[in-house]
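Examining the three-dimensional arrangement
The residues making up each chain are set out below.
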Amino acid sequence: MKFNSRGVTAGTWAVIAVFTLLFLTVNETSTVWAQSPIVQQSASRSATAAYHIPAGPLGTALSRFACESGLLLSSDANLTAGKQTAGLRGEYTVEQALKQLLAGTGLQPRFSDNGAVTLERIASQGSDQSILLPSMTVSTASLKQGTADEGYRVSNISGVGLWDERSLRDTPYSMSVVPSDLIENINAQNMGQIFKMNPLTQEPTINNQTGVPFVTIRGFQSVNPVYDGIPMAAGNGSAVSVIEINRVEILSGTSGFLYGGSRVGGAINYVTKNSTDVPLRRLTFGNYGGTQFYGHADIGGKFDERGRFGYRANLLYQGGDTVIGEPVGQKVANIVLDGHLTDTLYADVKYTYNDYRKEATQPAFFLTERTAIDTSKRYSPKWASNDVESHKAYASLRWDPSKHFTLRSAFFYQNTRRRANQIGLIEQMDRTFIPSMSNTSWGKFENYGGYIYLDTRFSTFAVDHKLTLGYSSTFHDMFLRDNDTVYQDGTNLPLSELKNMSEPDWGASFGSGALASIYVERYNNILIGDDIVFNDQWSAMVGLNYATTISKLRENDTYEKSALTPTVSLLYKPIEAVTTYVSYMEALEQGTIVGSTYANYGEVLPPLVSKQYEVGAKYDINPNLLLSTALFRIEKANQYSDLATPIPSFIQDGLQVHNGVELVLTGKVTDNLTIMGGGTLMDIGVEKSNNPALEGKKPTNAASRMGKIYAEYALPWIPGLSLTGGIYYTGEKYANVANTDKIPSYTLYDIGARYSTRLYDKSLIVRLNVINLTGKDYWQNANYLGIPRTIAFSASMNF
């Protein structure tokens, strides 16, 4: 296998990993002391305050309580692990609040003379002493939720749009959260496997050039990702590596108020890793299928005894061939530094380098008749390849000067270089194929993004408010060459001979031009939102976003338009474990500058406004099992020619309607059985078009029905052994707007096993997964084949 000369060698990476591991091991202290991430003025034990802390993992609730109360709180992380709390809502003193949060956990608080609090185990009957344990960090930023032991159930989301961290159950949007434990346990090479399993998303194709998944949610494609709460203006960067992900928060539904332009069907927020409160030294060796072996080092902890400053390093090296013989090479380095600069000021800095190369990339098919094609074979020559090199930097700041104010800000920058050879296969009547080949030279793509939000907490009479004012912006700049891409067509070949094609001569001038900015895209958002709590049962979330979308193609056409997009949600809790809601949200898409072939040439059309109406309910069946359901209607605006004679006009008069229902169940059904499953059922169609023949037709590449279930069962008679498996059904969809090319439905089966034990007193986890167990031949979408049967395995050990 060939690798380019960019970056460092595999040997150098190994040396870096070993020396980093040794250095951090030597400098790690045996005891970690810390304080809560937000330490306000010492909280009075007799003063009362209002709290709204949802039920869930005890560690999460205590961390939030420390933030809201200003209490210096510490505990042994192992002491709170696996424990749940019923939450807290109402007016309490500090002592009353802690008693309520710790009820039934077997723990009690111990107050020191300086006002700090340490948790201790309640003494057993007949003992006159409590057991005091060493103090360790309780930190929102580094607290891990959604572990396998918790059934992958996540209680809180990191935030959505301008709304800060909040309970998943009390968020008035349909959402699903995929934690890092699940990503690791299914041996996911990229996010395609995760989205295949999730009930809210269709299995995506992976962009051959960038590695970014094309995710379809509620029948609409979502290409532009969100990175730690910062929306990207375009998907032309590179994919987020699975090793840097802490969790993936999937928002199903329109998000114009939250993130500005685009994302009609939903948004994908990749939340990346932070430092760990306890020392982490984990090495993983595995195989993604075929001969794709890899090594991954995950190292984290605190620099100082007080636990104020932390670090995290993730290093990956991957090389070998996929199961169908596509050579793949990848090198990733992710570094995180974070800490509390003062008692009320938290900051973090993250950097990721990713170098990825793939050869013999599967082609795009353009068929005359939809037939099955063997997915277990390779159809491209090795010169059909792509290279991506990416540098990402991220920094955030959080300041809590008092319990009434919080200032949050973050900035993101990504610089990506990439090139690609691609092949499209055009089927002929005699079942041969004409290869349409392209070669794109090295280009540069820059993404910038950031936000600043100010949260203000106050009350008007008996109504509590959390008012947020803010600004967010995202910017994309594409640099290409004048002779950037060369196209050539080959001669008719049978499918079996295509992989033997010789690479054509692309010409001496190919790729020799200078890089220049050819396209700029930007979204600016001015936001205001109010999170209102009327009482224990009723609350509301309302907001406005003055969104501006800007684009410029070379030095010619510049598009700039603004629109005001609102949102309103009303929440009602009939009982503590149930939250119901109704919500309204809009999505914005860029309009256009009308071209010269239309009567309204030069007109700058306003942004397209799509509308969503949603009714939903979320039920905590038990602390580790959440059931969510939602009914929705999305009315998407479209633009097209009105086909008038003699000269048509370009207008915004189209309408595409998606009605549907979603159901998601995540968590532990019993102590031994974990379930992640659900489905989506939709009635989708074009209701108004410039072509009456298209009215009533279904949009392309959108399945109206999906049903998926993933399960894990821990065998009670063999401690540490869990059997895993999944069944994933995707309904039929259409490859063209006329609905004459139907893509058949398909059902995929996965099985696996995981064994956890200790070896030389070190934690060891061994995983085995078989993807597409039956070797089903299927189409992911109109042009790309599905994933063949793949066997992946890995072993992780903590040192």
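Whatever comes next refers back to the structure up there.
Heads up: these notes are all about the structure in this document. (Residues numbered from 1 in each chain as written. Predicted model: local features only at pLDDT ≥ 70, side-chain atom pairs only at ≥ 80, totals over all residues. Heavy atoms only, no water.)

Re the sheet that holds strand 17 (residues 245–252)
With mixed pairing, the 5 strands of this open sheet are ordered in space as 11-17-18-15-16. In this open sheet, the two edge strands, each paired with only one partner strand, are strand 11 (174–179) and strand 16 (230–231). As judged from the 7 bridges shared by strand 17 and strand 18 (residues 266–272), these two strands associate in the antiparallel manner. Within strand 18, the position partnered with S252 by the bridge is G266. (Pairing = 2+ DSSP bridges. Helix = DSSP H or I, 4+ residues; strand = E, 2+ residues; numbered from the N terminus.)

Focus: the pairing of strand 21 (residues 309–321)
Judged by how many residues are buried, strand 21 sits mostly within the fold: 10 of 13 residues are covered. Inspection of the sheet shows strand 20 (residues 293–302) paired to strand 21 by 10 bridges, in the antiparallel sense. From the neighbouring strand, A297 faces strand 21, where its bridge partner is L315. The hairpin formed by strand 20 and strand 21 contains 6 residues between the paired strands, and G307 there has a positive phi angle of roughly 75°. Relative to strand 22 (residues 327–342), strand 21 runs antiparallel, the two being bridged by 13 bridges. Following the sheet pairing, N314 is matched in strand 22 by N334. Counting the residues in the hairpin turn of strand 21 and strand 22 gives 5 residues, including G325, whose phi is positive at 90°. (Buried < 20%, exposed > 50% of the residue type's maximum accessible area, 1.4 Å probe, protein only.)

Topic: the sheet that holds strand 13 (residues 213–217)
The 3 strands are arranged 12-13-14 in an open sheet whose pairing can be described as antiparallel. In this open sheet, the two edge strands, each paired with only one partner strand, are strand 12 (205–206) and strand 14 (220–222). Of the pairings in the sheet, the one linking strand 13 to strand 14 comprises 3 bridges and is antiparallel in character. Its bridge partner being in strand 14, T216 is matched across the sheet by Q221.

Here's the deal with the pattern of salt bridges
Overall, the coordinates contain 38 salt bridges when judged by the stated rule. Here K302 makes a salt bridge to D277, at a shortest N to O gap of 3.7 Å. Of the two residues, K302 is situated in strand 20 and D277 in the loop between strand 18 and strand 19 (280–287); the sequence distance between them amounts to 25 residues. Since its relative accessible area comes to 11%, D277 is described here as buried. Between K444 and E446 there is a salt bridge whose closest N-O contact spans 3.8 Å. Among the residues examined, E446 registers a relative accessible area of 10% and is labelled buried. (Salt bridge = Lys/Arg side-chain N within 4 Å of Asp/Glu carboxyl O.)

Structural notes on helix 4 (residues 94–102)
Within the span of helix 4, buried status applies to V94, A97, L98, L101 and L102. For helix 4, the angular spread of the buried residues around the axis is 120°, confining them to a single face. Immediately beyond the C-terminal end of helix 4, within one or two residues, lies G104, with a positive phi of roughly 80°. (Arc of directions from axis to C-beta.)

Describing the environment of V766
Topologically, V766 is positioned in strand 43 (residues 762–771). Considering only alpha carbons, one finds V766 and F285, 481 residues apart in sequence, at a separation of 9.8 Å.

A closer look at a nonpolar patch on the surface
On the surface, F303, F309, I335, L337, L341, V349, Y351 and L397 cluster together into a nonpolar patch covering about 690 Å² of accessible area. Of all elements in the fold, only strand 22 and strand 23 (345–358) reach the threshold of two or more residues within the nonpolar patch. On the secondary structure map, L397 appears in strand 25 (residues 386–402). Relative accessible area serves as the criterion here: at 36%, L397 is assigned to the partly exposed category. (Patch = residues over 30% accessible without salt bridge, like charges linked within 9 Å, V, L, I, M, F, W, Y side chains within 5 Å. Areas by Shrake-Rupley, 256 points an atom, 1.4 Å probe, with all protein chains shown as cover.)

A few points about the nonpolar core
If you look at the biggest cluster of nonpolar residues, it comprises 61 residues, and the most contacted ones within it are Y173, I183, M191, V248 and L258. By size, the runner-up hydrophobic cluster in this structure holds 22 residues, among which are I53, L88, L98 and L101. (Core = buried A, V, L, I, M, F, W, Y, C linked by side-chain atoms within 4.5 Å.)

Examining unusual backbone geometry
A negative phi angle characterises most non-glycine residues, just as the trans form characterises most peptide bonds. Along the chain, T645 connects to P646 via a cis peptide bond; the corresponding omega equals 0°. With a phi angle near 55°, N772 is a residue other than glycine that sits in the positive phi range. For N772, the position within the fold is in the loop between strand 43 and strand 44 (790–798). Classification of N772 by relative accessible area gives buried; the value is 1%.

Quick look at the packing of aromatic side chains
All chains considered together, the criterion is met by 17 aromatic pairs. Through pairs of rings, three or more aromatic residues link up here, namely F365, Y379, F433 and W779. Here R417 stacks its cationic end above the ring of W442, 4.2 Å away from the centre of that ring. Taking NZ or CZ as reference, K444 lies 4.5 Å from the ring centre of F479, over its face. (Phe/Tyr/Trp six-rings, centres within 6.5 Å; stacked < 30°, edge-to-face > 60°. Lys NZ or Arg CZ within 6 Å of the ring centre and 35° of its normal.)

As for the side chain of N769
With respect to the element layout, N769 can be found in strand 43. For N769, a relative accessible area of 6% gives the class buried. A distance of 2.6 Å separates a polar atom in the side chain of N769 from a polar atom in the side chain of N187. Setting aside residues up to four positions removed in sequence, N769 forms contacts with N185, I186, N187, T724, I751, G752, T790, I791 and A792. (Polar contact = N/O pair within 3.5 Å; in protein donor to acceptor, adjacent residues only side chain to side chain. Contact = heavy atoms within 4.5 Å.)

Describing the environment of L608
Note that L608 resides in strand 34 (residues 608–622). Put simply, L608 and G261 are 347 residues apart on the chain and 9.5 Å apart in space, counted from C-alpha to C-alpha. Ignoring anything within four residues of it in the chain, the contact list for L608 reads A587, L588, E589, Q590, G591, A637, N638, Q639 and Q652.

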